[in-house]
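Observations on chain architecture
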Amino acid sequence: MIVEEIMKTNVETLKPSDTIEDAVRLMESKRIRHIPIINDGRKVIGLVTDRDIKEATPSIFRREEHLEDLQKPLEAIMKKNVITGHPLDFVEETAALFYEQKISCLPVVQDGRLVGIVTETDLLYTLVELTGAHQPGSQIEIKVPNRTGTLYEIAQVIRNRKANIQSILVYPDKKDDSYKILVIRVQTMNPVGLIHDLKAEGHHVLWPNIPGMPI
């Protein structure tokens with residue numbers, strides 16, 4: 001999946017000469033937390049977040065005493081070294097960038113012009129869709145040796161049960177790098193029979209593994 005598939009293209013923007021008050025009103029009316037600051041050529045030259053606004057505006061108890069603060073230009077508070085992405089970037093690489101750089105949004109630029117924006121919410125929504133967590137089903141975690149053909153063997157067991165696979169995630173076993181953990185969501189509300197078959201084939205099912213469960 002690429003960024004172009006999940007980014008918002010109708011991006012609310014402001015100019016560096018716009019005021020803090022303009023940003024406050026825009027954020028409140030559009031219910032957004034990030035505003036890219038652009039020039040006349042739609043080049044991203046800054047970024048303002050709700051945190052920047054909170055740090056720059058006076059307390060609600062003294063707002064009337066410091067109304068001039070709200071008239072300051074955004075150029076005075078905006079972040080200028082903005083990290084940007086491209087529509088053809090991979091979503092997983094973008095997620096890693098969010099994690100590594102501790103950012104909450106990513107303006108998307110093509111040919112030097114702003115064409116979209118990706119936020120933490122967009123990434124979370126994408127994760128839910130990719131894992132199928134929003135659909136009825138069951139999650140099964142299996143510890144498997146890190147060797148060729150293991151996923152095929154697991155899939156054959158699921159196929160024999162005529163269960164539909166919604167998603168598969170793979171991550172390393174933190175205790176033993178010769179093993180991996182498969183997290184499989186299957187389209188069934190009762191995975192007991194499937195778990196029984198997996199165990200019968202010698203697979204190590206980590207979850208569900210509830211004491212007293214008839215498997």
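Structure: see above.
The following paragraphs examine the structure supplied in this document.

How each quantity is defined
Residues numbered from 1 in each chain as written. Predicted model: local features only at pLDDT ≥ 70, side-chain atom pairs only at ≥ 80, totals over all residues. Heavy atoms only, no water. Axes fitted to C-alpha atoms, helices over the stretch in contact; angles between N-to-C directions. Helix = DSSP H or I, 4+ residues; strand = E, 2+ residues; numbered from the N terminus. Parallel < 35°, antiparallel > 145°, perpendicular 65-115°, else oblique. Left-handed = near helix turned anticlockwise from the far one by under 90°. Contact = heavy atoms within 4.5 Å. Nonpolar A, V, L, I, M, F, W, Y, C, P; charged D, E, K, R; others polar. Buried < 20%, exposed > 50% of the residue type's maximum accessible area, 1.4 Å probe, protein only. Pairing = 2+ DSSP bridges. Salt bridge = Lys/Arg side-chain N within 4 Å of Asp/Glu carboxyl O. Phe/Tyr/Trp six-rings, centres within 6.5 Å; stacked < 30°, edge-to-face > 60°. Lys NZ or Arg CZ within 6 Å of the ring centre and 35° of its normal.

Attention now goes to the packing of helix α5 (residues 150–160) against helix α6 (residues 192–200). Between two packed helices, what matters for the description is the angle formed by their axes and the separation of those axes. Where α5 meets α6, the closest approach of the two axes is 10 Å, and the angle between their N-to-C directions is 140 degrees. In terms of their interaxial angle, α5 and α6 are classed as oblique. Crossing geometry of α5 relative to α6 is assigned as right-handed. Residues Ile154, Val157 and Ile158 of α5 form the contact with α6, whose own contacting residues are Leu194, Asp197 and Leu198. Looking at the contact of α5 with α6 residue by residue, the class counts come to five nonpolar, no polar and one charged.

A few words on the pairing of strand β1 (residues 34–38). Counting buried positions over the five residues of β1 gives five, a clear majority of the element. Residues His34, Pro36 and Ile38 line one face of β1 and the alternating positions Ile35 and Ile37 line the opposite face, and both faces are buried. Bridge count between β1 and strand β2 (residues 44–49): five bridges; the pairing is antiparallel. Paired with Ile37 across the bridge in β2 is Gly46. Counted between consecutive antiparallel strands, the loop separating β1 from β2 contains five residues, among which Arg42 sits at a positive phi close to 60 degrees.

Taken as a whole and judged by the stated rule, the model has ten salt bridges. As a salt-bridge pair, Lys15 and Asp40 come within 3.1 Å of each other at their nearest N and O atoms. Note that Lys15 is positioned in the segment before α1 (20–30) and Asp40 in the loop between β1 and β2, a separation of 25 residues in sequence. The class of Lys15 is partly exposed, set by a relative accessible area of 30%. Judged by relative accessible area, which is 74%, Asp40 ranks as exposed. The salt bridge partner of Arg147 is Glu153, with a shortest N-O separation of 3.4 Å. Classification of Arg147 as partly exposed rests on a relative accessible area of 45%. Judged by its relative accessible area of 31%, Glu153 is partly exposed.

Bringing the packing of helix α3 (residues 91–101) against helix α4 (residues 120–131) into the picture now. Where α3 meets α4, the axes come as close as 11 Å, and the angle between the chain directions of the two elements is 130 degrees. Judged by the angle between their axes, α3 and α4 are oblique. Here α3 runs over α4; the crossing is left-handed. Judged by residue contacts, Val91, Ala95 and Phe98 of α3 engage Glu120, Leu123 and Thr126 from α4. Broken down by class, the residue content of the contact of α3 with α4 amounts to four nonpolar, one polar and one charged.

Attention now goes to the packing of aromatic side chains. A complete count under the given rule lists zero aromatic pairs for this structure. In this arrangement the basic side chain of Lys143 is found over the ring face of Tyr179, its NZ or CZ atom lying 4.9 Å from the centre.

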